[in-house]
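Results of the structural survey
Chain by chain, the residues:
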Amino acid sequence: MTQTGLFGGDSAGATDNRLREPLADVFARVPDAWRSITDPFIRSSEGQALAAFVEQRVREGALVYPRHVFRALEFAAPDDVRVVILGQDPYHGPDQAQGLAFSVAPGQKKIPPSLRNILKEVAADTGAPSICRDDLSAWAGQGVLLLNSALTVEDGAPQSHANRGWETLTDALLARVAAQPDPAVFMLWGASAQRKRPLIERPGLAQHLVLQANHPSPLSALRPPVPFVGSRPFTRANAFLATHRPGAEPICW
């Protein structure tokens, strides 16, 4: 079977968010500003093993999401990222994941519970409804990197592509953002994201603001030690940016 046949070519509908091409082709279109991280990874044995695993799972009939694996990297270069929001892996339902952590494709009838809680916290924190309802690309366009730790997932199987190599790459992407000269804000929600803190607070780096809270999932959003609900990360982020990046517009959440 050819790669085009294996991945469905262009025959799928416009709203279909399945991965339709080999990972090697996806890596070839990563924006230039990030290629110093992504190119060495896909050439490495770990990157090649990841690509082979994903292709094998598609060959075996798995539906792999999202179609736009690296969409999070398309909005800003590493040194232009002002806020990082770190997720675990993409949503595992059809037509949801779009390559931005916590974000779903526009027009969803049912908003995922974690995203619902995030948008409720925006309203409670800022005193105004979020500019977003489902698709968070308006945040990404303001320098908010919405990065998952694993960048692909299978239909109905959360964490199915975890520990397959993605974390090595996304840790390197996170470390590259942390190495930028200007202070940025890192929102680490939940234990998985909080384990990345050492990548952000290495010696010699800018003094970034790290905001930790429980994951916005309904299972943990109200639990101690730091409930997500009431953590007010959005106004805290803008206050920090106003001090450390003077002259820049605040992020419109």
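Structure's up top.
The following paragraphs examine the structure supplied in this document. (Residues numbered from 1 in each chain as written. Predicted model: local features only at pLDDT ≥ 70, side-chain atom pairs only at ≥ 80, totals over all residues. Heavy atoms only, no water.)

1. Digging into the pairing of strand β5 (residues 185–189)
Rules: Here's how the labels work: a residue is buried when its accessible area is under 20% of the maximum for its type, exposed when over 50%, partly exposed in between, all with a 1.4 Å probe on protein chains only. What counts as a helix is a DSSP run of H or I of at least four residues, what counts as a strand is a run of E of at least two, and both are numbered from the N terminus. Strands were regarded as paired on the criterion that DSSP finds at least two bridges between them.
Most of β5 sits inside the fold, with 5 of its 5 residues counted as buried. Residues of β5 alternate between two faces, with Val185, Met187 and Trp189 on one and Phe186 and Leu188 on the opposite face, all of them buried. As paired strands, strand β2 (residues 83–87) and β5 are joined by 4 bridges and run parallel to one another. Residue pairing in the sheet places Ile85 in a bridge with Met187 of β5. Taken together, the 5 bridges between β5 and strand β6 (residues 209–213) define a ladder with parallel strand orientation.

2. Observations concerning the sheet that holds β2
Going by this rule: Every angle, taken between N-to-C directions, lies between 0 and 180 degrees, and every axis is a line fitted to C-alpha atoms, over only the stretch in contact when it is a helix. Contacts were defined at the residue level, with two residues in contact if any of their heavy atoms lie within 4.5 Å.
Here we have 4 strands laid out as an open sheet, ordered β3-β2-β5-β6, and parallel in their pairing. The open sheet has two free edges, formed respectively by β3 (144–148) and β6, since each of these has just one partner strand. Looking at each pair of strands side by side, their axes are set apart by 20° on average, direction ignored. Sheet topology places β2 next to β3; 5 bridges connect them, and they run parallel. Following the sheet pairing, Val84 is matched in β3 by Leu145. Running over the sheet, helix α10 (residues 233–244) touches β2, β5 and β6 and is turned about 160° from β5.

3. Details of helix α4 (residues 45–59)
Applied cut-off: Each helix should span, by expectation, one fewer than its residue count multiplied by 1.5 Å.
In this model, α4 (15 residues) spans 21 Å end to end at C-alpha, consistent with the 21 Å of a helix rising 1.5 Å per residue. Every buried residue of α4 is accounted for by Gly47, Leu50, Ala51, Phe53, Val54, Glu55 and Val58. Gly61 lies just past α4 and shows a positive phi near 105°.

4. Points about the packing of helix α3 (residues 35–43) against helix α7 (residues 166–178)
Note the threshold: Reported orientations rely on four angle classes, namely roughly parallel under 35 degrees, roughly antiparallel over 145, roughly perpendicular from 65 to 115, and oblique for the rest. Helix crossings are classified by the rotation of the near helix relative to the far one: an anticlockwise turn of less than a right angle makes the crossing left-handed, while a clockwise turn makes it right-handed. When residues are grouped by polarity, Ala, Val, Leu, Ile, Met, Phe, Trp, Tyr, Cys and Pro land in nonpolar, Asp, Glu, Lys and Arg in charged, and all others, Gly among them, in polar.
Their axes nearest at 10 Å, the elements α3 and α7 cross at an angle of 160°. Comparing their axes, α7 and α3 come out roughly antiparallel. As α3 runs across α7, the sense of the crossing is right-handed. Only Thr168, Leu169, Ala172, Leu173 and Arg176 of α7 make contact with α3, whose side of the interface consists of Ile37, Thr38 and Phe41. Residues that form the contact of α3 with α7 fall into these classes: 5 nonpolar, 2 polar and 1 charged.

5. Considerations on the environment of Ile37
Mapped onto the secondary structure, Ile37 falls in helix α3. Take Ile37: its relative accessible area is 19%, and that puts it in the buried class. Sequence separation between Ile37 and Glu249 is 212 residues, and the spatial gap between their C-alpha atoms is 29 Å. Other than its neighbours up to four places away in sequence, Ile37 contacts Leu169, Ala172, Leu173 and Arg176.

6. A closer look at the packing of α3 against α4
In the contact formed by α3 and α4, the axes pass within 4 Å of each other and the chain directions differ by 75°. Taken as axis vectors, α3 and α4 run roughly perpendicular relative to one another. Facing Phe41, Ile42 and Arg43 of α3, the residues of α4 in contact are Ser45, Glu46, Gly47, Gln48, Leu50 and Ala51. Taken together, the residues of the contact of α3 with α4 break down into 4 nonpolar, 3 polar and 2 charged.

7. Quick word on the packing of aromatic side chains
Stated formally: We call Phe, Tyr and Trp rings a pair once their centres come within 6.5 Å, taking the six-membered ring for Trp, and we label the pair stacked below 30 degrees between planes, edge-to-face above 60, and tilted otherwise. Geometrically, a lysine NZ or arginine CZ counts as sitting over a ring once it is within 6 Å of the ring centre and also within 35 degrees of the ring normal.
Scanning the entire structure with this criterion turns up 10 aromatic pairs. Between Phe70 and Trp166, the ring centres sit 6.1 Å apart and the planes meet at 75°, which makes this aromatic pair edge-to-face. Pair noted here: Phe70 is in the loop between β1 (64–65) and β2 and Trp166 is in helix α7, with a separation of 96 residues, a long-range link. Just as Phe70 is buried, Trp166 falls in that class too. Between Phe102 and Trp189, the aromatic rings sit 5.7 Å apart at their centres with planes inclined by 55°, giving tilted as the arrangement. With Phe102 in the loop between β2 and α5 (113–126) and Trp189 in strand β5, the pair connects residues that are 87 residues apart, well separated along the chain. By the burial criterion, Phe102 is buried, and Trp189 matches it. Through pairs of rings, three or more aromatic residues link up here, namely Phe102, Trp139, Trp189, Phe228, Phe234 and Trp253. The positively charged end of Arg164 is found above the aromatic ring belonging to Phe53, 4.0 Å away from the centroid.

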